[in-house]
Amino acid sequence: MRILLATDAWEPQVNGVVRTLTRVVKELGDMGHTVEVIHPNQFKTFPLPTYPEIKVAIGVYEPVQERFKAFEPEAIHIATEGPIGLAARRICVEWKLPFTTSYHTRFPEYVSARLPLPLAAGYAYMKWFHKPSGRLMVATPTMRDELTQHGFRNISSWSRGVDTEVFRPRTADEPDMFEGLARPVFLYVGRVAVEKNIEAFLGLDLPGTKVVVGPGPQLDELRAKYPEAVFTGSKSGEDLSRAYACADVFVFPSLTDTFGLVILEAMASGTPVAAYPAPGPIDIIPNSGAGVLAKSATEGLREACLDCLKLERKAVRAFAERFSWRACAEDFVKNLQPYPEPEKTRFWRRLRRLARVRRRGPQAA
């Protein structure tokens, strides 16, 4: 198929959404599909207020329209609810093109954590955005149930994967990235931002050392407030995989993620995960032998961290090996809603003909 993907999240951003989309695009290519990605790097952008690492595209509607016409997609997926997603949604609605969407971030909770806006306003926008979508893809059953309770419809599951070659346990001959730090090492990887609830981790009374890997707008504030913790800034590639593998426990305090790809990356590295019972962790960790959940969304994270030290790292790795990116990409394709062949051919042919008529109009006059 010719698949068009519209997204406001793309490289060089480093987060679970971008890692999911880039890896799925690669898998789709390996499966024989042709994918056209519309992303912020193709437009003028400005830094998102309070979060300059994220670039917001401007003046996108007409260029996105031209990309649609040039590519003539057979299936359309809108991954995000920002300016590019809005432009693609508007085109699909106006041209009566079927499309799918996905729910990667708990946007209402994210906004409420940063701005004095009620959750209801965020959910009203999200319901409006996703309502025309033929299928709304979500990563976990818990997220599906939560959105159903908020009145969303046409929800389908879309699994996640992990690269078990990149993220793997440390071998005996490999150096320890955290050598010299007091053990055990409790690790957090991700954006250093208020919606990630990192202070719930940094404030715990734990033995050893807390390590935070990642960039973000809260980095300087937390570094000053918790001088005993180690803040490494951003890591990628081999450095990131070694950080996971050299830690004793991975701590995931977020309550706003819809999955938490870092959970699988840590598990693939053999590192058990302690987390709150939020969407993502609550779907992955119970009965896995690869992590421990806190007893509630506000209590028990310290005990979960300490209990993770008792888990067998080989069992943690074995659990992560069940997840593959190929299965994730196959789920994605199953959820797409491509134009039926005859209608698809007629639609794009008619659009080309109209474009030719418009071009000839002024000359004829």
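The coordinates are above.
A short tour of the structure in this document, coming up. What you see is a predicted model; the values in this text were computed from it and never measured.

About the criteria used
- Residues numbered from 1 in each chain as written.
- Predicted model: local features only at pLDDT ≥ 70, side-chain atom pairs only at ≥ 80, totals over all residues.
- Heavy atoms only, no water.
- Helix = DSSP H or I, 4+ residues; strand = E, 2+ residues; numbered from the N terminus.
- Buried < 20%, exposed > 50% of the residue type's maximum accessible area, 1.4 Å probe, protein only.
- Contact = heavy atoms within 4.5 Å.
- Pairing = 2+ DSSP bridges.
- Right-handed = clockwise from strand over helix to strand, strands pointing away.
- Axes fitted to C-alpha atoms, helices over the stretch in contact; angles between N-to-C directions.
- Parallel < 35°, antiparallel > 145°, perpendicular 65-115°, else oblique.
- Nonpolar A, V, L, I, M, F, W, Y, C, P; charged D, E, K, R; others polar.

**Concerning the environment of Phe178**
Line of reasoning, step 1. Here Phe178 lies in the loop between strand 8 (155-157) and strand 9 (185-189).
Line of reasoning, step 2. For Phe178, a relative accessible area of 5% corresponds to the buried category.
Line of reasoning, step 3. Considered as a pair, Phe178 and Val211 are 33 residues apart in the sequence and their alpha carbons are 9.2 Å apart.
Line of reasoning, step 4. Residues within four places of Phe178 in sequence aside, it is in contact with Arg183, Val185, Leu187, Val211, Ala243, Cys246 and Ala247.

**Some thoughts on the pairing of strand 1 (residues 2-6)**
Line of reasoning, step 1. The element strand 1 is extensively covered by neighbouring structure, given that four of its five residues are classed as buried.
Line of reasoning, step 2. Bridge analysis of strand 1 against strand 2 (residues 34-38) gives five bridges, and the strand direction is parallel. By the bridge assignment for strand 2, Leu4 is matched with Glu36.
Line of reasoning, step 3. The parallel pair strand 1 and strand 2 is bridged by helix 1 (residues 16-30), and the resulting crossover is right-handed.
Line of reasoning, step 4. Here four bridges tie strand 1 to strand 5 (residues 75-78), and the two strands are oriented parallel to one another. The residue bridging Leu5 from the neighbouring strand is His77, located in strand 5.

**Description of the packing of helix 1 against helix 14 (residues 325-335)**
Line of reasoning, step 1. Relative to each other, helix 1 and helix 14 sit at 85°, their axes nearing to 9 Å. Relative to helix 14, helix 1 is oriented roughly perpendicular. Facing Arg19, Thr20, Arg23, Val24, Glu27, Leu28 and Asp30 of helix 1, the residues of helix 14 in contact are Trp325, Arg326, Cys328, Ala329, Phe332 and Val333.
Line of reasoning, step 2. Grouping the constituent residues of the contact of helix 1 with helix 14 by class yields seven nonpolar, one polar and five charged.

**Things to note about the sheet that holds strand 1**
Line of reasoning, step 1. Here we have six strands laid out as an open sheet, ordered 2-1-5-6-7-8, and parallel in their pairing. A strand with exactly one partner marks an edge of an open sheet, and here the two such strands are strand 2 and strand 8. Averaged over neighbouring strand pairs, the angle between their axes works out to 25° when direction is ignored.

**Thoughts on the sheet that holds strand 13 (residues 273-275)**
Line of reasoning, step 1. Taken in spatial order, the six strands make up an open sheet running 11-10-9-12-13-14, and their pairing is parallel. The open sheet has two free edges, formed respectively by strand 11 (230-233) and strand 14 (291-293), since each of these has just one partner strand. Going from strand to strand, the sheet's axes swing by 25° on average, the running direction of each strand aside.
Line of reasoning, step 2. In this structure, strand 12 (residues 249-252) lies alongside strand 13, joined through three bridges in parallel fashion. From the neighbouring strand, Val251 faces strand 13, where its bridge partner is Ala274.
Line of reasoning, step 3. Strands in contact with helix 9 (residues 237-246) are strand 9, strand 10 (209-213) and strand 12; relative to strand 9, the strand with the most contacts, it is inclined by about 140°.
Line of reasoning, step 4. Running over the sheet, helix 12 (residues 301-308) touches strand 9, strand 12, strand 13 and strand 14 and is turned about 170° from strand 13.

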